[in-house]
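# Survey of secondary and tertiary structure
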Amino acid sequence: MSEWWKDGVIYQIYPRSFQDTTGNGIGDLKGITSRLGYLEDLGIDAIWISPIFPSPMKDAGYDVSDYTGIDPTFGTLEDFEALVADAHARGMKVLLDFVPSHTSDQHPWFEEARASKDSPKRDWYVWRDPAPDGGPPTNWISEFAGPAWTLDEATGQYYLHVFLREQPSLNWHNRELREAMYDVMRTWFDRGVDGFRVDAVENMGPDPEAGDNPPNPDWVESMGPARSHLGTNTKHQPVIFDIAREMRAVAEEYDPPRLLVGEAYGEIPQVMKYYGDALDAFQQPFNFLLIEAEWDAGNLVRLITEYEAALPDGAWPNWVLGNHDRARIASRVGPAQARNAMMLLLTIRGTPTIYQGDELGMENVVIPPDRVQDPWEKNVPGQGLGRDPVRTPIAWEDGPFGGFSTVDPWLPMDLGPERVVARQIASEGSMLSFTRALLKLRREMPELRRGTLEDVRAEGDVLRYARVLDGSRIEVLLNIGTEEAMLRQEGALILSTSGDSAVAEDPLAPGEGRIIRAE
Ligand code: GLC
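First, a word on what this report is: a plain description of the structure on this page. (Residues numbered from 1 in each chain as written. Predicted model: local features only at pLDDT ≥ 70, side-chain atom pairs only at ≥ 80, totals over all residues. Heavy atoms only, no water.)

## Considerations on the sheet that holds strand β11 (residues 351-355)
Judged by pairing direction, the sheet is parallel, and its eight strands sit side by side in the order β9-β8-β7-β3-β2-β1-β11-β10 without closing on themselves. Here the strands that pair on one side only, and so sit at the sheet edges, are β9 (284-285) and β10 (318-320). Sheet topology note: the strand β2 (residues 46-49)/strand β3 (residues 93-98) ladder contains four bridges and is parallel. If you follow Ala46 over to β3, its bridge partner there is Lys93. (Pairing = 2+ DSSP bridges. Helix = DSSP H or I, 4+ residues; strand = E, 2+ residues; numbered from the N terminus.)

In structure tokens form, the structure reads like this:
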């Protein structure tokens, strides 16, 4: 029980786009509570809710101005407590989004820090004198373009912001700041929260003394300005691993220990460090390999094998297909492969996280320039960096705003009938019914949760592997190609992306995936 997440499936809720109950076109906490039945029927074990804290919303809530409150856009603390109580009554865990790398510039801590060089909170943020020419202290570039330093005219120093200038970076070298942040964690844990997804952790320890970042030799414009330099002195700095261990110690003050899922983008060995040398940091550093993977059987075999081989002894794997920052999986691999992607996510070894709407096959939605919300798209328009297309509201029912809201929502939405939840519930062949069937299988078959992962290989365009537990062997075959695959697999068919018509021994149709109990 204390490691519920080893058997569990996490579902990411993007609260602005889940369900509006106040008629302002933005989703809210009461909306989430009203849809918990949907999630229970779907068969997930935990929800992770993207930030719901008071925020000027310069970065959709990832600019927090009060870590322990609830933004009125989303409701009240009472609404949140009601949500937690309802989720728990249904046996579902609730994870929140902890944003430790930076606050909003409207956070009282920053207002205090910027008030004077002698402020007791000055050192809670990262300040440096101008370079000799008066410019920024280093050449660092903000994730959302432009310099990562802004001059505070009143005190004559620059402050660091890895993201927007309205998101000043916190100084985790400061012990008081650390303790204040650990108290924030405790506040939510005391309120019944079961864990955190921890935001942007690779950015928690930039080292201005180390100076400029070197240029990235592999840079092309489509990567965006921030990638034009390597993160040598800004990302994955050693201090972060101490902090992650301290956060874990806070999580371990509770029974059962709270779950920490760290968001760190990096190469496989880099990401593995976030487990901690003694598995004493994050229980789950997010594994984003599938979010960017070229959809090709050989490549998927390579990624899965490298990831498994790199896992420290005893570390528990996890997999993700999408989130609120990256292209929708159905758009990236194409609708014909979306079911295979879901089958892979829910049958490979490790804890899966499903991004809201992927169970419906939602695709990126085109956002007209006058509807753009994401600051990244505003700063670097037209290059496909903006994240609004993957953040659009869910269409629950037929009707003008899909039952999401009574007014035009904050972002345009896909109202295509094939996307509507009520229709998908009613249709046995829908992506939703398929995802539900997969989740049900996962619950019923311990092989899929706890089995070893064996014989990962590509046969032509078919990615295949087995999950084995106590001598019972489940084969998964995914035809990643566009041709029929002549592959014989004896056994009893358990589930196919093509529905009931499939037969275990038949060739796999293009884009077909199958789960078979081997004989
Ligand atoms: C993370 C979030 C992203 C946000 C950024 C800054 O990467 O997922 O949405 O913009 O951190 O907080």
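## A look at a negative patch on the surface
On the surface, Glu294, Asp296, Asp461 and Glu483 cluster together to form a negatively charged patch. Mapped onto the elements of the fold, Asp461 is located in the loop between β12 (452-459) and β13 (462-469). (Patch = residues over 30% accessible without salt bridge, like charges linked within 9 Å, V, L, I, M, F, W, Y side chains within 5 Å. Areas by Shrake-Rupley, 256 points an atom, 1.4 Å probe, with all protein chains shown as cover. Salt bridge = Lys/Arg side-chain N within 4 Å of Asp/Glu carboxyl O. Lys, Arg positive; Asp, Glu negative; His and termini not counted. Charge placed at Lys NZ, Arg CZ, Asp CG, Glu CD.)

## Some thoughts on unusual backbone geometry
Cis peptide bonds are those with omega within 30 degrees of zero, and the linkage from Asp255 to Pro256 qualifies with -5 degrees. Relative to the helices and strands, Pro256 is located in the loop between α6 (239-251) and β8 (259-262). Within the chain, Ala60 stands out as a residue other than glycine whose phi angle is a positive 50 degrees. Assignment of secondary structure puts Ala60 in the loop between β2 and α3 (77-89). The class of Ala60 is buried, set by a relative accessible area of 14%. (Buried < 20%, exposed > 50% of the residue type's maximum accessible area, 1.4 Å probe, protein only.)

## Quick look at the environment of Val462
Checked against the element boundaries, Val462 lands in strand β13. In the structure, Val462 is positioned 32 residues away from Ile494 in sequence and 18 Å away in space, judged by C-alpha atoms. For Val462, the contacting residues outside a window of four places in its chain are Ala297, Arg457, Leu477, Leu478, Asn479, Ala485, Leu487 and Leu508. (Contact = heavy atoms within 4.5 Å.)

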